[in-house]
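Single-letter residue listing:
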Amino acid sequence: MYNKEEMNAINIQLVALFIVLFADVISIIITYNQKLDLENKETMFESKELFKITLYNRILILVLSFVFLYVNFKLYNISKKEGEDLKSYTLQIVASLLVIASGIIALYVVKLSDTNNIVDVENPII
């Protein structure tokens, strides 16, 4: 018999991982656009559009970081009820908090950037 709460947490995690794939594809497109610009070829996006795309992508990544933190807390609480060792769950929560901190910094960097150098701060993985 499986734990329904645990199954729900894992389902949330699966959906979030598919959205992470989408965010990664967006990051690849942004980076490819920068490559085209450096080669003096026609780019897919103008700098203002690219700024908005990068900003929204960073927000999406930050939201996803909170989703993973939520899932980690859910799994921690389930494991606590079942009397399991909580060390790995505690470390996952700490890692999630660090990812959120880096996501906030990355979003702040995008907000500080002008539209001409936005891709210089793009990084598909935070």
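Structure's up top.
Residues numbered from 1 in each chain as written. Predicted model: local features only at pLDDT ≥ 70, side-chain atom pairs only at ≥ 80, totals over all residues. Heavy atoms only, no water.

**So, unusual backbone geometry**
- The phi angle at Asn-40 is positive, at roughly 55 degrees, despite the residue not being glycine.
- By secondary structure assignment, the location of Asn-40 is in the loop between helix H1 (4-38) and helix H2 (47-81). (Helix = DSSP H or I, 4+ residues; strand = E, 2+ residues; numbered from the N terminus.)

**Thoughts on the packing of H1 against H2**
- Direction vectors running N to C along H1 and H2 enclose 160 degrees, while the axes themselves pass 9 Å from each other. Our classification of the angle between H1 and H2 gives roughly antiparallel. As for how H1 packs across H2, the hand of that crossing is left-handed.
- Split by residue class, the contact of H1 with H2 holds 21 nonpolar, five polar and four charged. (Axes fitted to C-alpha atoms, helices over the stretch in contact; angles between N-to-C directions. Parallel < 35°, antiparallel > 145°, perpendicular 65-115°, else oblique. Left-handed = near helix turned anticlockwise from the far one by under 90°. Nonpolar A, V, L, I, M, F, W, Y, C, P; charged D, E, K, R; others polar.)

**Comments concerning the nonpolar core**
- Phe-51, Leu-55, Leu-62, Leu-69, Ile-93, Ile-100, Leu-107 and Val-110 form the largest nonpolar core, which has eight residues in total.
- Looking at this core, the elements with two or more residues in it are H2 and helix H3 (87-112).
- In this structure Leu-55 touches Leu-107, Val-110 and Lys-111, once residues within four positions along its chain are discounted. (Core = buried A, V, L, I, M, F, W, Y, C linked by side-chain atoms within 4.5 Å. Buried < 20%, exposed > 50% of the residue type's maximum accessible area, 1.4 Å probe, protein only. Contact = heavy atoms within 4.5 Å.)

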